[in-house]
Amino acid sequence: MLKFTIKRILVAIPVLLGVTLLVFTMLYFTEGDPARLILGDTATEEEVEALREELGLNDSFGQQYISYLGGVLKGDLGVDYITGRPVSEEVMDRLTTTLKLAVASIVFSMIVAIPAGIISAVRQYSAVDNIAMVIALLGNSMPNFWLALMLILFFSVFLGILPASGLYGAQYYIMPVIGISAGSIATITRMTRSSMLEVIRQDYIRTSMAKGLTEFLIIVKHALKNALIPVITVIGIQFTVAVGGAVVNEQVFAIPGLGKFLVDAIKARNYQVVQGGVLVIAIICSIVNLVIDLLYAFVDPRIKSQYQKSGKIKRIRMVKEEG
Amino acid sequence: MNDKDKPLLSVRNLTIHYITDNGVVKAVNDISFDLAKGETMGLVGETGAGKTTTALGIMNLIPNPPGKIINGEILVDGKNILEFNKYQTRKYRGNVASMIFQDPMTALNPILTVGEQIAEVSRYHNKLSKAESYVKAAEMLELVGIPSERINEYPHQFSGGMKQRVVIAIALACNPQLLLADEPTTALDVTIQAQVLALMGDLIKKYGTSMVLITHDLGVVTEICDRVAIMYAGQIVETGDLEAVYEHTKHPYTKGLFGSLPRISDKTSRLNPIDGLMPDPTNLPNGCPFHPRCPDKMPECESRVPANTEIEPGHFVRCLLYE
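Residues numbered from 1 in each chain as written. Chains lettered and ligands numbered in written order. Predicted model: local features only at pLDDT ≥ 70, side-chain atom pairs only at ≥ 80, totals over all residues. Heavy atoms only, no water.

Secondary structure summary: chain A contains 15 helices and 0 strands in total. Counting all 323 residues of chain A, 46% fall into the buried class. Long-range contacts, defined as pairs at least 24 residues apart, comprise 70% of the intrachain contacts of chain A with a sequence gap of at least 6. Split by element, the accessible area of chain A, about 16,500 Å² in all, is 68% carbon and sulfur. (Helix = DSSP H or I, 4+ residues; strand = E, 2+ residues; numbered from the N terminus. Buried < 20%, exposed > 50% of the residue type's maximum accessible area, 1.4 Å probe, protein only. Contact = heavy atoms within 4.5 Å. Areas by Shrake-Rupley, 256 points an atom, 1.4 Å probe, with all protein chains shown as cover.)

Here it is in structure tokens:
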């Protein structure tokens, strides 16, 4: 298990290297001169050239990338051209906000979606199931930002009971969390339902019924844990979506998170900030994926023994084979 | 009739249908039989004869929908289990009656240890603590010939024969009065079959358990059963003790079954299988369901359903030849 974890962390290194290279290249070839942006229109050509030299912007692509990577390895993500503060500090400030929102949203999604999915599956075609599926369809089809705007319109403008922007206390979380969760609630509900439907038709569920166990025990102990693997996958994806996709929601609710910060940085050609921000998001996604892989092993002993045997991830093939 | 002679299980006019989009599947049609305490009855028939449905009916585990018990009663210790409420049904399943399922590969929950799967039965029914139930589970494992050190292993770490032993341990965990074994050896190697059968024979003798052994193997019946019931198209066509049915075979279908067994003493090069196929259970023929394949067919057979006739004490036949 430890061996698997270490291997899995090592695999993340080339992925992150690829991300830095990709983002660096894209920004390198983007139009706009950071030196000119920093100094403004009034600066002379000599002043700009001097700053370019100072920032190392006149070096070749390779030199610039290597020196950037060298910094990253030391934990130095460069300097914000505009504020002059280290990028790592600025990103971390915003990251906590975004992470708080993402965690709150995903926890809220799980609390709503997993029970909803279970009930829909156990009472298939009942009124509860039909209502849940219609709501899930709506949740999937509504764009996040539209739902967010409608929430603001209703709760802040008409009713005036919830603050429309910022993030200064518990009540500020309500609408952004709903806005971010709507899609993931829908996806997780549907995944839980279909996975549960498959599991409750298995022979071992009949065995547990023949034991005379209560319906609650059968569903929670015997069925749910078996149904969780695809659900965990989806939760992981939804979490990375909540982090990476926070851009829109943070913009709508004027939340000082990583997403909004990145959008502003791109507009300002604030290269170092964009690179740092994207790298941090990529690291978070890698961590989430690792946690998900480890959770599989925690849920399913067959996967655990696979990890122990070969360290390779054969979960998809295995899950298919075992039905 | 004193208490000792009273049958443990008494099935009266049981009729079970599956209502599907393609018609009504008449799986079990008006079957009746008794099973005394400590007695073992073989329920023999081709695939699709309604054997498993009968057993599921006795466990009150018919999947509804599409299955429905149309008529009849199932008396266990004089109480009609079909009239039990949810709570009584749970107390009955696993405790009074338990079932061994056909396919040990799928009958065990892949993500729970075998120990837990055995322990939970006695924990639930006998109100044992977790530790006590594990002690009991370890005893059960030893009883079925698995070293108790393996109590914390998962089903995928066991071979097919071992899994079936675990299934047997689960079924016997609460020392039930009635055991329904649905082709317990069909999925196993021939060598393992003999071991598992011998084990079951020993255990039911030891605990005085009554058993209905479902099989399509007439040889297995002679090894372990006191009585045999031959099923065809959802009906019991012939029933009696081993000697009566094996030596004084009456029903043409039973004769056909014996005719299709290879005998080492006969020098004939070909077997004599029964002509034709089992009728479609959604569209059973009028009269005796066996008449289209019967070598002794009379004109009357096409219109009149034969009644259950006792031709010698304890030997019943459903055939117009003997009415």
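Structure shown, so let's carry the discussion forward.
Broken down by element type, chain B carries 10 helices and 12 strands. The C-alpha radius of gyration computed for chain B amounts to 20 Å, which stays within 12% of the reference 20 Å derived for 323 residues, consistent with globular compactness. Seen along its three principal axes, the alpha-carbon backbone of chain B occupies a region of about 65 × 50 × 45 Å. A total of 323 residues make up chain B; the buried ones form 53% of that total. Within chain B, contacts between residues separated by at least 24 positions form 63% of all contacts whose residues are at least 6 apart in sequence. Of the accessible surface of chain B, which amounts to about 14,500 Å², a share of 51% is contributed by carbon and sulfur atoms. Where the 31 positive side-chain charges of chain B centre and where its 38 negative ones centre are 5 Å apart. (Rg over C-alpha atoms; globule rule 2.2 N^0.38 Å. Lys, Arg positive; Asp, Glu negative; His and termini not counted. Charge placed at Lys NZ, Arg CZ, Asp CG, Glu CD.)

Let us look at the pattern of salt bridges. Counted under the stated rule, the structure contains 21 salt bridges over all chains. A salt bridge links B:Arg293 to B:Glu46; its shortest N-O distance comes to 3.5 Å. Placement of B:Arg293 in the loop between α10 (252–259) and β11 (309–312) and of B:Glu46 in the loop between β3 (40–44) and α1 (51–58) is noted, with a sequence separation of 247 residues between them. For B:Glu46, a relative accessible area of 25% corresponds to the partly exposed category. Overlapping salt bridges, with partners in common, bring together A:Lys211, A:Lys221, B:Glu116, B:Glu120 and B:Arg123 in one network. (Salt bridge = Lys/Arg side-chain N within 4 Å of Asp/Glu carboxyl O.)

A word on the sheet that holds β3(B). Residues and elements named next belong to chain B. One open sheet holds the 8 strands; their spatial order is β6-β7-β8-β3-β9-β10-β12-β11, and the pairing between them is mixed. For this open sheet the edge positions go to β6 (97–100) and β11, each flanked by a neighbour on one side alone. Looking at each pair of strands side by side, their axes are set apart by 20° on average, direction ignored. The strands that helix α7 (residues 190–207) touches are β3, β6, β7 (178–182) and β8 (210–215); relative to β8, the one it contacts most, it runs at about 160°. (Pairing = 2+ DSSP bridges. Axes fitted to C-alpha atoms, helices over the stretch in contact; angles between N-to-C directions.)

The next thing to look at is the domain arrangement of chain A. Residue and element names in this part refer to chain A. Here the domain parsing of chain A yields domain 1 (11–73) and domain 2 (87–322). The distance between the C-alpha centroids of domain 1 and domain 2 comes to 35 Å. Taken together, the contact pairs 14 residues of domain 1 with 12 residues of domain 2. Across the interface of domain 1 and domain 2, roughly 1,100 Å² is buried in total on both sides, 74% from carbon and sulfur atoms. Interface area lost by domain 1 to domain 2 is led by Leu16, Leu27 and Tyr68, which between them contribute 42%. Elements with a minimum of two residues in the side of domain 1 that touches domain 2: α1 (2–28), α2 (34–39) and α4 (61–73). Top contributing element to the side of domain 1 that touches domain 2 by residue count: α1, with 7 residues. A class-by-class count of the residues in the side of domain 1 that touches domain 2 yields 10 nonpolar, 3 polar and 1 charged. (Domains from an automatic or database assignment. Buried area = accessible area lost by both parts, 1.4 Å probe. Nonpolar A, V, L, I, M, F, W, Y, C, P; charged D, E, K, R; others polar.)

Bringing the pairing of β6(B) into the picture now. All names here are of chain B. Neither face of β6 is exposed, since Ala97 and Met99 on one face and Ser98 and Ile100 on the opposite face are all buried. Sheet topology places β6 next to β7; 4 bridges connect them, and they run parallel. Within β7, the position partnered with isoleucine 100 by the bridge is alanine 181.

With that settled, consider the sheet that holds strand β4 (residues 67–76) of chain B. Residue and element names in this part refer to chain B. Read across the open sheet, the 4 strands follow the order β2-β1-β4-β5; overall the sheet is antiparallel. Strands at the two margins of the open sheet, each flanked by one partner only, are β2 (23–35) and β5 (79–80). Of the pairings in the sheet, the one linking strand β1 (residues 9–20) to β4 comprises 8 bridges and is antiparallel in character. Bridging from a neighbouring strand, tyrosine 18 pairs with glycine 67 of β4. Where α1 meets the sheet, it contacts β1, β2 and β4, and its direction lies at approximately 65° from that of β2.

All right, on to a nonpolar patch on the surface then. Residues and elements named next belong to chain A. A grouping of Phe145, Trp146, Leu149, Met150, Leu153, Phe154, Val157, Phe158, Leu159, Ile161 and Val248 is seen on the molecular surface, where their side chains present a nonpolar patch of about 1,100 Å² in accessible area. Among the elements that make up the nonpolar patch, the one with the highest residue count is helix α7 (residues 144–158) (8 residues). Here tryptophan 146 shows up in helix α7. Note on tryptophan 146: relative accessible area 40%, which makes it partly exposed. (Patch = residues over 30% accessible without salt bridge, like charges linked within 9 Å, V, L, I, M, F, W, Y side chains within 5 Å.)

Before going further, it helps to spend a moment on the environment of B:Leu180. All names here are of chain B. Tracing the backbone shows leucine 180 in strand β7. For the pair leucine 180 and methionine 99, spaced 81 residues apart in sequence, the C-alpha to C-alpha distance is 4.6 Å. Apart from residues lying up to four places away in sequence, leucine 180 is in contact with Ala55, Ile58, Met59, Ser98, Met99, Ile100 and Val212.

Topologically, A:Leu153 is positioned in helix α7. The sequence separation of A:Leu153 and A:Arg190 amounts to 37 residues, and the corresponding C-alpha distance is 28 Å.

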